[in-house]
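Working through the structure, step by step
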Amino acid sequence: QLQLVESGGGLVQPGGSLRVSCAASGFTLDYHAIGWFRQAPGKEREGVLCRSSSGGTTNYADSVKGRFTISRDNAKNMVHLQMNSLKPEDTAVYYCAARWRLCAPSSYEYNYWGQGTQVTVSS
């Protein structure tokens, strides 16, 4: 079965760093773009970052520019979202999603979704 599973969420202080991961099973990420989305309480899900199958990265949230980066571990069939200089407004459930080859700004364009992992930024 095709699945994505997020991990690595937790509680971190403002200014701290956290890396969340997305593991794929049932398929390889070789021909897929992986997008990271987040949803805060009472707000709509928003796109954060996306990495295409060719390695290009697209930033969909101005607020995370220079702070968040996405990487891929082909050998482990995983992708990671490195979050630095975290702010309280980064608090959200973070989801990874996959679609064919190219990134897309809308969550509706993605076929596979993980269950999400909670990231809480608070002192």
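See above for the structure.
Before going into details, it helps to say that this report is about the structure given with it. Not measured: the values here are computed from a predicted model. (Residues numbered from 1 in each chain as written. Predicted model: local features only at pLDDT ≥ 70, side-chain atom pairs only at ≥ 80, totals over all residues. Heavy atoms only, no water.)

Concerning the pairing of strand E9 (residues 92-100)
The element E9 is largely enclosed, with a buried count of 7 among its 9 residues. The sheet contact formed by strand E4 (residues 32-39) and E9 spans 8 bridges and is antiparallel. Within E9, the position partnered with phenylalanine 37 by the bridge is tyrosine 95. Sheet topology note: the E9/strand E10 (residues 112-113) ladder contains 2 bridges and is antiparallel. (Buried < 20%, exposed > 50% of the residue type's maximum accessible area, 1.4 Å probe, protein only. Helix = DSSP H or I, 4+ residues; strand = E, 2+ residues; numbered from the N terminus. Pairing = 2+ DSSP bridges.)

Observations regarding the state of the cysteines
On inspection of all chains with the given rule, the structure shows 2 disulfides. Each sulfur in the disulfide pair cysteine 22 and cysteine 96 lies 2.0 Å from the other. Its S-S torsion of about 65 degrees marks the bond between cysteine 22 and cysteine 96 as right-handed, since a negative value means left-handed. Separated by 74 residues along the polypeptide, cysteine 22 in strand E3 (residues 18-25) and cysteine 96 in strand E9 bring together distant segments of the chain. Note on cysteine 96: relative accessible area 0%, which makes it buried. Note that cysteine 50 is cross-linked by a disulfide to cysteine 103, the S-S spacing being 2.1 Å. Across the S-S bond linking cysteine 50 and cysteine 103, the dihedral sits near -90 degrees, which makes this disulfide left-handed. Linking cysteine 50 in strand E5 (residues 46-51) with cysteine 103 in the loop between E9 and E10, this pair joins segments that are 53 residues apart in sequence. Assigned by exposure class, cysteine 50 and cysteine 103 land together as buried. Here the disulfide map of the protein chain reads 1-3, 2-4, the bonded cysteines being numbered as they appear in the sequence. (Disulfide = S-S within 2.5 Å.)

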